[in-house]
Amino acid sequence: MGTCLVFLAPNLEFSTFNKASDISRVNHRKAAGKPMLALVPCLIPQEMFAEDSECGSPVLSEEEIRGETVSTMIVGFKTTASGSSFALMHLAFHPDIQDRAFQELVDISGNDKMQPATFEDLKEMTYLEQIIMETLRLYPSVPITIRDVEEEIPIKNYIIPADCTIMINFLVTQRNPKYFTNSDKFYPDNFSPEKKSTRHPFVFKPFSDRPRVCVGAKYAMFQMKVMLSTILSFLLKSSRIWRDLKQVYN
């Protein structure tokens, strides 16, 4: 919930201080003739820094560039970090699920040696994806989405009037026992192919959908798969070695 509050109710004084501090650092580097740091050019195309031939000013202002950079940093890292943290917590609580996920990694790699996953490997990690989806169902990184209603919308016996704002709470919709087995518990089989095929696709939308879908949804999934598969491979391999050693010396 804390992640959501950052967007809905930012601390204006802190935000203003950060903005002034950032601008001060940029001006200092310009005055000293130092090149800009590498992060921003990696996130924003160089042509966005160039001056527009028609208006004689940059395509993006410094404030807009800062805004895009901050958004990318927060949305691209904080959300996946929270999702991965909750996934690891549940894997720790459920050794059987943890072992099943590890076995999938062994089956994909062909052995239980620690090695980096390839792009093709990530696409084959279907059970790990179920774990991530179930984590996002219980703990969506952005638990609330807000939409402005432009036209009156009838839904069964209700009318959503035009020119109003609606708030959709994923913490409620994604824990509906009508659509999910053990709806308040961690149950990755909720996202097995069989379960998904019998469920309305809009019951679970942690990345939103249609025109407002999160542009980084696929990237976020791959990022979490890389992180979790790496940690699983390392920790479980290490724990099994330690367990085997204890059996030898006991």
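Residues numbered from 1 in each chain as written. Predicted model: local features only at pLDDT ≥ 70, side-chain atom pairs only at ≥ 80, totals over all residues. Heavy atoms only, no water.

- An unreviewed UniProt entry lists the chain under the name (California timema) hypothetical protein, with Timema californicum given as the organism.

### Re the UniProt feature "binding site: heme" (unreviewed entry) in the chain
Thinking step 1. Sites flagged by UniProt as "binding site: heme" (unreviewed entry) map to Cys 214.
Thinking step 2. Among the structural elements, Cys 214 can be located in the loop between helix 9 (193-197) and helix 10 (217-249).
Thinking step 3. For Cys 214, a relative accessible area of 29% corresponds to the partly exposed category. (UniProt positions renumbered as here; feature names shortened; annotations may be inferred. Helix = DSSP H or I, 4+ residues; strand = E, 2+ residues; numbered from the N terminus. Buried < 20%, exposed > 50% of the residue type's maximum accessible area, 1.4 Å probe, protein only.)

### Examining a negative patch on the surface
Thinking step 1. Together, Asp 148, Glu 150, Glu 151 and Asp 163 make up a region of like negative charge exposed at the surface.
Thinking step 2. The topology assignment puts Asp 163 in the loop between strand 3 (158-160) and strand 4 (164-169).
Thinking step 3. Judged by relative accessible area, which is 73%, Asp 163 ranks as exposed. (Patch = residues over 30% accessible without salt bridge, like charges linked within 9 Å, V, L, I, M, F, W, Y side chains within 5 Å. Areas by Shrake-Rupley, 256 points an atom, 1.4 Å probe, with all protein chains shown as cover. Salt bridge = Lys/Arg side-chain N within 4 Å of Asp/Glu carboxyl O. Lys, Arg positive; Asp, Glu negative; His and termini not counted. Charge placed at Lys NZ, Arg CZ, Asp CG, Glu CD.)

### Things to note about a nonpolar patch on the surface
Thinking step 1. On the surface, a cluster of nonpolar side chains totalling about 280 Å² of accessible area is made up of Phe 86, Met 89 and Phe 93.
Thinking step 2. The exposure class assigned to Met 89 is partly exposed, which follows from its relative accessible area of 30%.

### Quick notes on the packing of aromatic side chains
Thinking step 1. With the rule as written, the count across this model stands at 4 aromatic pairs.
Thinking step 2. Ring centres of Phe 119 and Phe 222 lie 5.0 Å apart, and the angle between their planes is 40 degrees; this geometry places the pair in the tilted category. One end of the pair, Phe 119, is in helix 6 (residues 119-124); the other, Phe 222, is in helix 10, with 103 residues separating them in the sequence.
Thinking step 3. Classification of Phe 119 as partly exposed rests on a relative accessible area of 47%.
Thinking step 4. Ring centres 6.2 Å apart and planes at 40 degrees place the aromatic pair Phe 180 and Phe 191 in the tilted group. Of the two residues, Phe 180 is situated in the loop between helix 8 (170-173) and helix 9 and Phe 191 in the loop between helix 8 and helix 9; the sequence distance between them amounts to 11 residues. An identical accessibility class is assigned to Phe 180 and Phe 191; each is buried.
Thinking step 5. Taken together, the aromatic side chains of Phe 180, Phe 191 and Phe 204 make up a single cluster linked through ring pairs. (Phe/Tyr/Trp six-rings, centres within 6.5 Å; stacked < 30°, edge-to-face > 60°.)

### Some thoughts on the nonpolar core
Thinking step 1. Counting residues in hydrophobic clusters, the biggest one holds 24 residues, and the most contacted among them are Ile 97, Met 125, Leu 128, Ile 131, Ile 132, Phe 204 and Leu 232.
Thinking step 2. Every element with two or more residues in this core is listed here: helix 4 (62-93), helix 5 (95-109), helix 7 (126-138) and helix 10.
Thinking step 3. Top element by residues in this core is helix 7. It accounts for 7 residues.
Thinking step 4. Ile 132 has contacts with Met 221, Met 224, Lys 225 and Leu 228, leaving out every residue within four places of it along the chain. (Core = buried A, V, L, I, M, F, W, Y, C linked by side-chain atoms within 4.5 Å. Contact = heavy atoms within 4.5 Å.)

### Digging into unusual backbone geometry
Thinking step 1. For Lys 156, which is not glycine, the phi dihedral falls at a positive 55 degrees.
Thinking step 2. For Lys 156, the location among the structural elements is in the loop between strand 2 (153-155) and strand 3.
Thinking step 3. Note on Lys 156: relative accessible area 83%, which makes it exposed.
Thinking step 4. With a phi close to 60 degrees, Asp 163 is a non-glycine residue in the positive phi region.

### Focus: the side chain of Ser 183
Thinking step 1. On the secondary structure map, Ser 183 appears in the loop between helix 8 and helix 9.
Thinking step 2. Look at Ser 183 and you get buried, because its relative accessible area is 10%.
Thinking step 3. With near-sequence residues (within four places) excluded, Ser 183 lies in contact with Arg 137, Leu 138, Arg 175, Asn 176 and Pro 177.

### Thoughts on helix 5
Thinking step 1. Under the 1.5 Å per step criterion, the end-to-end length of helix 5 is 21 Å for 15 residues, consistent within 8% with the ideal 21 Å.
Thinking step 2. Taken together, the buried positions of helix 5 are Ile 97, Gln 98, Ala 101, Phe 102, Glu 104, Leu 105, Val 106 and Ile 108.
Thinking step 3. One or two steps after helix 5, the chain reaches Gly 110, where phi turns positive at roughly 90 degrees. (Expected span 1.5 Å × (residues − 1).)

### Looking at the environment of Lys 218
Thinking step 1. Within the element layout of this structure, Lys 218 appears in helix 10.
Thinking step 2. Taking the C-alpha atoms as reference points, Lys 218 and Phe 207, 11 residues apart in sequence, are found 9.6 Å from one another.

### Focus: the environment of Met 133
Thinking step 1. Among the structural elements, Met 133 can be located in helix 7.
Thinking step 2. Exposure remark for Met 133: the relative accessible area of 17% places this residue in the buried category.
Thinking step 3. Residues Met 133 and Asn 190 lie 57 residues apart in sequence; the distance between their C-alpha atoms is 8.8 Å.
Thinking step 4. Discounting residues that sit within four places of it in the chain, Met 133 has contacts with Phe 191, Phe 204 and Met 221.

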